[in-house]
Amino acid sequence: MNRTPAEGLDIASHEVLEKLGVVAGLEPSAVRRMLEGTEFTKFTENVRADERSARRPGVRGVPTLVADGGPPASAGGPGDGKDG
């Protein structure tokens, strides 16, 4: 699924987000619960916990690769062939 604000969608609208969720295969009621209440709060808490967990070994951005418990290696930035 590839949706951007440039397509004229109001991605701040719960109605639009519900429709996009359905297109992605989610149940409309599940999307509504996520947007309106405690499920969103719990989801946010889980994301923040994942972020804290990633920062402990030194992950500071994405994409980042961690192999076999080794140090994180940023997959972006200078030297990746993308900067000119």
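Residues numbered from 1 in each chain as written. Predicted model: local features only at pLDDT ≥ 70, side-chain atom pairs only at ≥ 80, totals over all residues. Heavy atoms only, no water.

Peer 1: What exactly am I supposed to notice about the overall build of the protein here?
Peer 2: Secondary structure assignment for the protein yields three helices and two strands. Beginning at the N terminus, the succession of helices and strands in the protein can be written as α-α-α-β-β. Across the 84 residues in the protein, those meeting the buried criterion constitute 7%. A separation of at least 24 residues holds for 0% of the contacts in the protein among residues at least 6 apart in sequence. Split by element, the accessible area of the protein, about 6700 Å² in all, is 55% carbon and sulfur. (Helix = DSSP H or I, 4+ residues; strand = E, 2+ residues; numbered from the N terminus. Buried < 20%, exposed > 50% of the residue type's maximum accessible area, 1.4 Å probe, protein only. Contact = heavy atoms within 4.5 Å. Areas by Shrake-Rupley, 256 points an atom, 1.4 Å probe, with all protein chains shown as cover.)

Peer 1: I'm lost on the packing of helix α1 (residues 14–23) against helix α2 (residues 28–36) in this one. Help?
Peer 2: For any two helices packed against each other, the geometry is given by the interaxial angle and the distance between the axes. At a minimum axis distance of 9 Å, the contact between α1 and α2 shows a crossing angle of 140°. When the axis of α1 is compared with that of α2, the two are oblique. The handedness of the crossing between α1 and α2 is right-handed. Seen from α1, the contacting residues are H14, L17, E18, G21 and V22; seen from α2, they are P28, V31, R32, L35 and E36. Tallied by class, the residues present in the contact of α1 with α2 amount to five nonpolar, two polar and three charged. (Axes fitted to C-alpha atoms, helices over the stretch in contact; angles between N-to-C directions. Parallel < 35°, antiparallel > 145°, perpendicular 65-115°, else oblique. Left-handed = near helix turned anticlockwise from the far one by under 90°. Nonpolar A, V, L, I, M, F, W, Y, C, P; charged D, E, K, R; others polar.)

Peer 1: Can you walk me through the pattern of salt bridges in this structure?
Peer 2: As a working rule, side chains carrying opposite charge can pair if their charged atoms are close by. Evaluated as defined, the whole model comprises three salt bridges. Across the pair E15 and K19 runs a salt bridge whose closest N-O atoms are separated by 3.3 Å. Taken as a pair, E15 and K19 lie in helix α1 at a separation of four residues, close to a single helical turn. According to the relative accessible area criterion, E15 is exposed, its value standing at 54%. For E18, the salt bridge identified is with R32, shortest N-O distance 2.6 Å. Remark: R32 occurs in helix α2 and E18 occurs in helix α1; sequence separation between them is 14 residues. (Salt bridge = Lys/Arg side-chain N within 4 Å of Asp/Glu carboxyl O.)

Peer 1: It is not clear to me how the confidence of the model for the protein should be interpreted in this structure. Could you clarify?
Peer 2: Per-residue pLDDT for the protein has a mean of 80; in total, 82% of the residues score no lower than 70. Across residues 79–84, confidence stays below pLDDT 50; counting only partners more than four residues off in sequence or on other chains, it has two contacts. (pLDDT = per-residue confidence, 0-100.)

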